[in-house]
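Residue-level structure breakdown
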Amino acid sequence: MPSLRLGNIAPDFEAETTAGPIKFHEWIGDSWAILFSHPGDFTPVCTTELGEVARRADDFAKRNVKLIGISANGLKDHNKWVEDINDFGASYGPTNVQFPIIADEDRKISTLYDMLDEQDATNRDAKGLPFTIRTVFVVDPKKVIRLTIAYPASTGRNFDEILRVVDSLQLGDKHRITTPVNWNKGDDVIVHPSVGNDEAKVLFPEVTFHKQPYLRTTPLKVSE
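What this report covers is the structure whose coordinates are included nearby. Note that the structure is a prediction, hence the values are computed from the model and not measured.

Within the chain, the secondary structure is distributed over seven helices and eleven strands. Projected onto the principal axes, the alpha-carbon positions of the chain cover approximately 65 × 40 × 35 Å. Across the 224 residues in the chain, those meeting the buried criterion constitute 47%. Considering only contacts in the chain between residues 6 or more positions apart, those separated by 24 or more positions represent 63%. As displayed, the chain has an accessible area near 12000 Å², and 51% of this comes from carbon and sulfur atoms. The centroid of the 26 positive side-chain charges in the chain is displaced by 5 Å from the centroid of its 33 negative side-chain charges.

In structure tokens:
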């Protein structure tokens, strides 16, 4: 099966989760969604990641982003693991995992989304089946894949970066802009190439035209 690409419709699926059964597209509804995979339950890096996501739940919610994890274990393990995540995470701040975690013991969804680890021979279960790598999919309300990031099993994700990209995507959809290197919300943005100079002056009264004719930057006032 070919890898999923940006712009593809995220494959729909049905799954059992810690919050009950779901149909993925129906669960997303009119929201954005982040599907993120974990090599396995009761693993150290994953435990730190899920705790961080739980503590940042409000940051995702105010961006209209739903969160859903997936790991190659069953619901019994997932529910027990959540207790560990909340307990360990409490040393960093209030931690309460409320987002669903998909049970994917047969790797059906992991295979559908091409998440399985083909590199690390140690990232396997007792039967020799590969666990997943740390994949992130950002899906928009039209169910289109807008971002994919794949981390090796040994490296925890940076959720500040994931939030940064969500901000960039959402602002770009709304304001006909793109975002430059190391951009963060509140920084100047780049006027989209499809916007002519005359239109840019109307849309962005504070636009700056640079020596390079393809570079036009502007402040962008956005609400938090």
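A separate point is the packing of aromatic side chains. Across all of its chains, the model carries eight aromatic pairs by this definition. Clustering of aromatic rings is evident, with ring pairs tying together Phe-13, Phe-24, Trp-27, Tyr-113 and Phe-137. The ring of Trp-27 carries the charged tip of Lys-66 above its face, separated from the ring centre by 5.5 Å.

For the coordinates displayed, the defined rule picks out 13 salt bridges. Residue Arg-55 pairs with Glu-52 through a salt bridge whose shortest N-O separation is 3.3 Å. Residue Arg-55 and its partner Glu-52 are located together in helix α2 (residues 44-55), separated by three residues, close to a single helical turn. According to the relative accessible area criterion, Arg-55 is partly exposed, its value standing at 25%. Of the charged contacts, one joins Glu-52 and Arg-56 as a salt bridge, the two residues approaching to 3.2 Å between their closest N and O atoms.

Rules behind the numbers
- Residues numbered from 1 in each chain as written.
- Predicted model: local features only at pLDDT ≥ 70, side-chain atom pairs only at ≥ 80, totals over all residues.
- Heavy atoms only, no water.
- Helix = DSSP H or I, 4+ residues; strand = E, 2+ residues; numbered from the N terminus.
- Buried < 20%, exposed > 50% of the residue type's maximum accessible area, 1.4 Å probe, protein only.
- Contact = heavy atoms within 4.5 Å.
- Areas by Shrake-Rupley, 256 points an atom, 1.4 Å probe, with all protein chains shown as cover.
- Lys, Arg positive; Asp, Glu negative; His and termini not counted.
- Charge placed at Lys NZ, Arg CZ, Asp CG, Glu CD.
- Phe/Tyr/Trp six-rings, centres within 6.5 Å; stacked < 30°, edge-to-face > 60°.
- Lys NZ or Arg CZ within 6 Å of the ring centre and 35° of its normal.
- Salt bridge = Lys/Arg side-chain N within 4 Å of Asp/Glu carboxyl O.

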